[in-house]
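Chain residues, written in single-letter form:
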Amino acid sequence: MDDQRAKTIAVFDRPFKLPGLDETLPAGEYDIETEFASPPDHKDPQAWKASVVVHLHPRLSHPGLTRSLTVSLLDLDRARARDKLSGKDLSQVFLEEMLSDPMVQLVMQADGVSEAQIRHLYSGTRTRQTDKDVLDT
């Protein structure tokens, strides 16, 4: 069953909320367990959906109490996306993710396109002169 479960860490830069919990969780690292297949004792495997167990930080009032919350993969992804977008323009988030993609890096290298040229293209401050200056570098 361990091959059907993945453990990872989700990092939140800002406090966040998850459905099913009436508290704001603090920023930080959270251990995550994702179960990809239905448990063997699940009655309806076709109706089962991938779930994520988020291991929560203990409360200050109960430091020894471990807590966890089961949420849908979609809810966790939405919370992570909201955290990532906080304080950033959507195009900047897209640009950073695109430039960090190894496949995009290979295509850029094959086409002779630099990171500076791509950043200029997405900067919103393009003019004919700045385009010429960036392309000439």
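Thresholds, definitions, all that
Residues numbered from 1 in each chain as written. Predicted model: local features only at pLDDT ≥ 70, side-chain atom pairs only at ≥ 80, totals over all residues. Heavy atoms only, no water. Phe/Tyr/Trp six-rings, centres within 6.5 Å; stacked < 30°, edge-to-face > 60°. Helix = DSSP H or I, 4+ residues; strand = E, 2+ residues; numbered from the N terminus. Buried < 20%, exposed > 50% of the residue type's maximum accessible area, 1.4 Å probe, protein only. Polar contact = N/O pair within 3.5 Å; in protein donor to acceptor, adjacent residues only side chain to side chain. Contact = heavy atoms within 4.5 Å. pLDDT = per-residue confidence, 0-100. Patch = residues over 30% accessible without salt bridge, like charges linked within 9 Å, V, L, I, M, F, W, Y side chains within 5 Å. Areas by Shrake-Rupley, 256 points an atom, 1.4 Å probe, with all protein chains shown as cover. Salt bridge = Lys/Arg side-chain N within 4 Å of Asp/Glu carboxyl O.

It is not clear to me how the packing of aromatic side chains should be interpreted in this structure. Could you clarify?
To describe a pair of aromatic rings, one takes the distance between the centres and the angle between the planes. Across all of its chains, the model carries three aromatic pairs by this definition. Geometrically, the ring pair formed by F12 and F16 is stacked, given 3.6 Å between the ring centres and 10° between the ring planes. Seen in terms of ring centroids, F16 and Y30 are 5.3 Å apart; in terms of plane orientation they differ by 90°. Their pairing is edge-to-face. Taken together, the positions of F16 in the loop between β1 (5–12) and β2 (28–35) and Y30 in strand β2 put the pair 14 residues apart, joining distant regions of the chain. These aromatic residues form a ring-pair network of at least three members: F12, F16 and Y30.

I tried to follow the side chain of E23 on my own but got confused; where do I start?
Secondary-structure assignment places E23 in the loop between β1 and β2. Of the residues examined, E23 reaches a relative accessible area of 19% and is grouped as buried. Looking at E23, its side chain comes within polar contact range of the side chain of R67, at 2.9 Å. Residues within four places of E23 in sequence aside, it is in contact with F16, K17, R59 and R67.

Which parts of the structure should I look at to understand helix α3 (residues 102–111)?
Each α-helix turn comprises 3.6 residues. Residues three or four places apart therefore point the same way. Little of α3 sits out of view: just one of its 10 residues are buried. The backbone nitrogen of M103 lies 2.7 Å from a side-chain oxygen of the residue at the head of α3, namely D101. Of the residues one or two after α3, G112 is the one with positive phi, at around 70°.

Is there a simple way to think about the confidence of the model for the chain in this case?
Taken residue by residue, the chain gives an average pLDDT of 80. The fraction at 70 or more is 74%. Within the chain, the element-level pLDDT minimum falls on helix α5 (residues 128–136), averaging 68, and the maximum on α3, averaging 92.

Please clarify how a nonpolar patch on the surface should be interpreted in this entry.
A contiguous nonpolar surface patch, about 280 Å² in accessible area, is contributed by F94, L121 and Y122. With respect to the helices and strands, the residue Y122 is situated in the loop between α4 (115–121) and α5. Since its relative accessible area comes to 32%, Y122 is described here as partly exposed.

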